[in-house]
Amino acid sequence: MAHNIQRPKRKSLLLWGFLLVFWFLLPLSWKVTTKSSFEEFHAPIWEASTRIQDLTHFWGHVSDSKKTLIEKGRDHQRILSDAKHQISSIDHLKVELQRLKELKSQIQKLETTLELEAKTKFTPTISRISLRNLSGWNQSFRISKGQRDFLQVGNGVISFCGIVGRLEQVYETSSQIQLISNKSFRMVAHLKGDNRPVTFQGNGVLPGGQGQGILYDIPADVIIPKGNDIQVVSSNLSGTYPKGLHIGIISELTPSVDGVFKVGKVLLSPQLSLLSEVTILKDSYAK
Amino acid sequence: MVVIRLLNSFFAQVGLYLFIPAIFLMIPQSLRNKHAVISIIFISLLVSYHNSLPVELCICFMLLFYYIFRHNISHENRQNNFRKTLLAAVVNISIFLIIFLVAQTELISMQSWNISKLIVDVIASTLLILVIAQPYRLLLDQILSRVLKSDRKTKDTN
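Nothing here was measured: the structure is a model prediction, and the numbers come from that model.

On to the overall build of chain B, then. The secondary structure content of chain B amounts to 5 helices and 0 strands. When its helices and strands are written in sequence order, chain B yields α-α-α-α-α. When burial is assessed residue by residue, chain B has 34% of its 158 residues classed as buried. For chain B, the share of sequence-separated contacts (at least 6 apart) that also reach a separation of at least 24 residues comes to 63%.

Take a look at the structure:
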C-alpha cells in the first residue's frame, strides 16, 4: 500500500536553524524574564496539588473504622493532657524565660564591651514543599513561599533531618531550593568533634532517593576505624547556617590526589526525599 | 507535562524520575512541516522547563529525533501499534543516553550522575511509555478528529 510520505523540506530545516540562531541571540535578561513569568504562571498549579493531597488525605480518613477513630481520640487526649501540663507549668517557664533574657542581655553587653562582632542571627520561616525534583542531573524542591515572605536568594534551608539546601531562585509566591545533594552545592562543614573546616559538595542521588556528597580537605590525621562512622555537621563560617546541624555521615576516607588531605563520601539523610515541610533561615540583619 | 511533573514529585519519595520526551514526538503527520517544527520547538521549550534541561540541547535532540523517526512514530501511521510504541521507547532511551553523555562531559551547566540511577530511571520511564503510549495515541486521535470535524464545518458554512 502506498503511503503519502512527505519528505523533510529545506524550508523547515532553514526555519529550525533560524529559530536556533534567534534563541542564541536573544538577550539573557529577556530569557530570564520569560522563564520567571512562566514560573509565576505555574506556581498555583503546584500549590493546588498539595491542597488536593490534603483533601485526599482528609477524605481517605473519613471512612476510618471505629477502632482507628478510638485510637486517634486516645492520641488526641494524650496531646491535650500534655498541653494542660505545659499550661500548668507556665509560671516556671516564665521565670526561665526571664533568666534567659537576662543572660542574653549580658552576652550583648559583653560583646559590645569586647567589641566582638555579633553572631549571625536567623529568623525561621516554615514552608510546605509543593514540588520535588530528583532527576539525575538536578535536584531541587519548590516551596510555597517567596518574596512576599521576605525570602532571599541564598537563604539556608533546614529540617528535622539537618541541612536541606539553600534558596536558588525566589519568585513572588514561591521559591526553588537547591538541594544539598546537587553537584553545584558547596559549603563549609566540620567533622563532629573537630573544629577544622572541611569542604562539602553534593554528589547526586542514589536510586532509592538517598542523597550523597563528597567531603574534601579533610586533615590527614583524621582516621575512621573500620565499621565506624563520623557525623558531618555544618559550620557557622559561611554565615548561612548555624553551627552543628547534621549534614550526613562519612564512613571511609581515602587520600586526595595531592596526598596532603583526605577525601570521603558522605551519605545524606534518607529522610531528605520524604520531607513535606522545611524551615528557611532568613538573615535577621538583611534589609 | 504538568501531570508527569506532579508524578515525578510523588515518585521522588522513592527516588524515581520519569522522563518521557519521546511521547511528545507523536505529532500528526497531516501537520505541515513548518507547523510541525514550530510545535516541536514549543514542546522542546516545555520539556526543557519542566525537566531543568538546557533549552538548546532540548531543541536539538527533539528536532533531530523528529526528523529521523517522524514517519515511523507518527500516530497516523498505519503500522503495528506495538512496534510504534517500542520505537518510541527506543527513542526515549536514546534521548536519556544523550543527556547522560552530555552531562558526563560537563561542557554545559549540567551535573553528571551515577549509572545505577540512570538504569533505574530508564527502566521506569520505558515502562511508563509502554503503558501510556496507546491511550495517549487514542487521545490524540480524538482531538484530531474533533479539530478536523470543526474545520470541515467552518469550510461548509463558508
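Another aspect to go through is the overall build of chain A. The helix and strand inventory of chain A stands at 4 helices and 12 strands. On C-alpha atoms alone, chain A measures out to a radius of gyration of 25 Å, which is more than a quarter above the 19 Å that the 2.2 N^0.38 rule sets for 287 residues. Its C-alpha atoms put chain A at 90 × 65 × 45 Å along the principal axes. Burial analysis of chain A (287 residues in total) assigns 28% to the buried set. A separation threshold of at least 6 residues defines the contact pool for chain A, and within that pool the share at least 24 residues apart is 57%.

Residues and elements named next belong to chain A. Burial within strand E4 (residues 162–170) is extensive, with 7 of its 9 residues counted as buried. Here strand E3 (residues 156–159) runs beside E4; their pairing, made up of 4 bridges, is antiparallel. Bridging from a neighbouring strand, Ile158 pairs with Ile163 of E4. Connecting E3 to the next strand, E4, in antiparallel fashion are 2 residues. Note: E4 against strand E5 (residues 175–179), 5 bridges, orientation antiparallel. Looking across to E5, one finds that Gly165 is bridged to Leu179.

For the rest of this paragraph, the subject is the pairing of strand E10 (residues 246–255) of chain A. All names here are of chain A. In the sheet, strand E9 (residues 230–234) pairs with E10 via 4 bridges, with the strands oriented antiparallel. Its bridge partner lying in E10, Val232 is registered against Gly248. Looking at chain direction, E10 and strand E11 (residues 261–268) are connected through 6 bridges and run antiparallel. By the bridge assignment for E11, Thr254 is matched with Val263. As consecutive antiparallel partners, E10 and E11 are separated by 5 residues, and within that stretch Gly259 has a phi angle of approximately 80°, a positive value.

A separate point is the environment of Leu53 of chain B. Residues and elements named next belong to chain B. In this structure, Leu53 sits in the loop between helix H2 (33–50) and helix H3 (55–73). Leu53 sits in the buried class, given 23 other C-beta atoms within 10 Å. Along the primary structure Leu53 and Ile99 are separated by 46 residues, whereas in three dimensions their C-alpha atoms are 8.9 Å apart.

Let us look at the domain arrangement of chain A. Examined at the domain level, chain A breaks down into domain 1 (66–113) and domain 2 (186–273). Centre-to-centre, using C-alpha coordinates, domain 1 of chain A lies 34 Å away from domain 2 of chain A.

Residue and element names in this part refer to chain A. Of all residues in chain A, 91% have pLDDT values of 70 or greater, and the mean over the chain is 83. Of all helices and strands in chain A, the one with the weakest mean pLDDT is helix H1 (residues 10–25) (70), whereas E3 scores best (92). In the model, residues 1–5 has pLDDT below 50 throughout and makes 1 contact with residues more than four positions away in sequence or in other chains.

Next up on the list: H2 of chain B. Residues and elements named next belong to chain B. Here H2 spans 25 Å end to end across 18 residues, near enough to the 26 Å set by a 1.5 Å rise per residue. Listed in full, the buried residues belonging to H2 are Ala36, Val37, Ile40, Ile41, Ser44 and Val47. Down the axis of H2, the buried side of the element spans an arc of 135°, and every buried residue falls inside it. Exposed and oriented more than 90 degrees from the buried face of H2 are Lys34 and Phe42.

Moving on, we get to the environment of Ser174 of chain A. All names here are of chain A. Among the structural elements, Ser174 can be located in the loop between E4 and E5. Each C-alpha atom of the pair Ser174 and Gly204 lies 24 Å from the other, and the pair is 30 residues apart in sequence. With residues up to four places along the chain from it excluded, the contact list for Ser174 reads Ala43, Arg142, Ile143, Ser144 and Gly146.

Attention now goes to the sheet that holds E11 of chain A. Residue and element names in this part refer to chain A. Judged by pairing direction, the barrel is antiparallel, and its 6 strands sit side by side in the order E6-E7-E8-E11-E10-E9 before closing back on the first. Ignoring strand direction, the axes of neighbouring strands in this sheet form an average angle of 40°. Pairing of strand E7 (residues 198–205) with strand E8 (residues 211–219) involves 5 bridges; the strand directions are antiparallel. Across the sheet, residue Val205 finds its bridge partner in E8, namely Gly211.

Attention shifts here to the sheet that holds E4 of chain A. All names here are of chain A. Here 6 strands make up a closed barrel; going around it, the order is E1-E2-E5-E4-E3-E12 and the pairing antiparallel. Across the sheet, the mean angle from the axis of one strand to that of its neighbour is 45°, orientation sign disregarded. In the sheet, strand E2 (residues 139–143) pairs with E5 via 4 bridges, with the strands oriented antiparallel. Among the inter-strand pairings, Ile143 is bridged to a residue of E5, identified as Ser175.

With that out of the way, let us pick up the interface of chain B and chain A. Tallying the contact residues gives 34 residues for chain B and 33 residues for chain A. Of all elements in the fold, only helix H1 (2–11), H2, H3, helix H4 (81–105) and helix H5 (115–157) of chain B reach the threshold of two or more residues within the side of chain B that touches chain A. No other element matches H3 of chain B, which puts 6 residues into the side of chain B that touches chain A. Taken together, the residues that form the side of chain B that touches chain A break down as 19 nonpolar, 11 polar and 4 charged.

Procedures and definitions
Residues numbered from 1 in each chain as written. Chains lettered and ligands numbered in written order. Predicted model: local features only at pLDDT ≥ 70, side-chain atom pairs only at ≥ 80, totals over all residues. Helix = DSSP H or I, 4+ residues; strand = E, 2+ residues; numbered from the N terminus. Buried ≥ 20, exposed ≤ 12 C-beta atoms within 10 Å, placed from the backbone. Contact = placed C-beta atoms within 7 Å. Rg over C-alpha atoms; globule rule 2.2 N^0.38 Å. Pairing = 2+ DSSP bridges. Domains from an automatic or database assignment. pLDDT = per-residue confidence, 0-100. Expected span 1.5 Å × (residues − 1). Arc of directions from axis to C-beta. Axes fitted to C-alpha atoms, helices over the stretch in contact; angles between N-to-C directions. Nonpolar A, V, L, I, M, F, W, Y, C, P; charged D, E, K, R; others polar.

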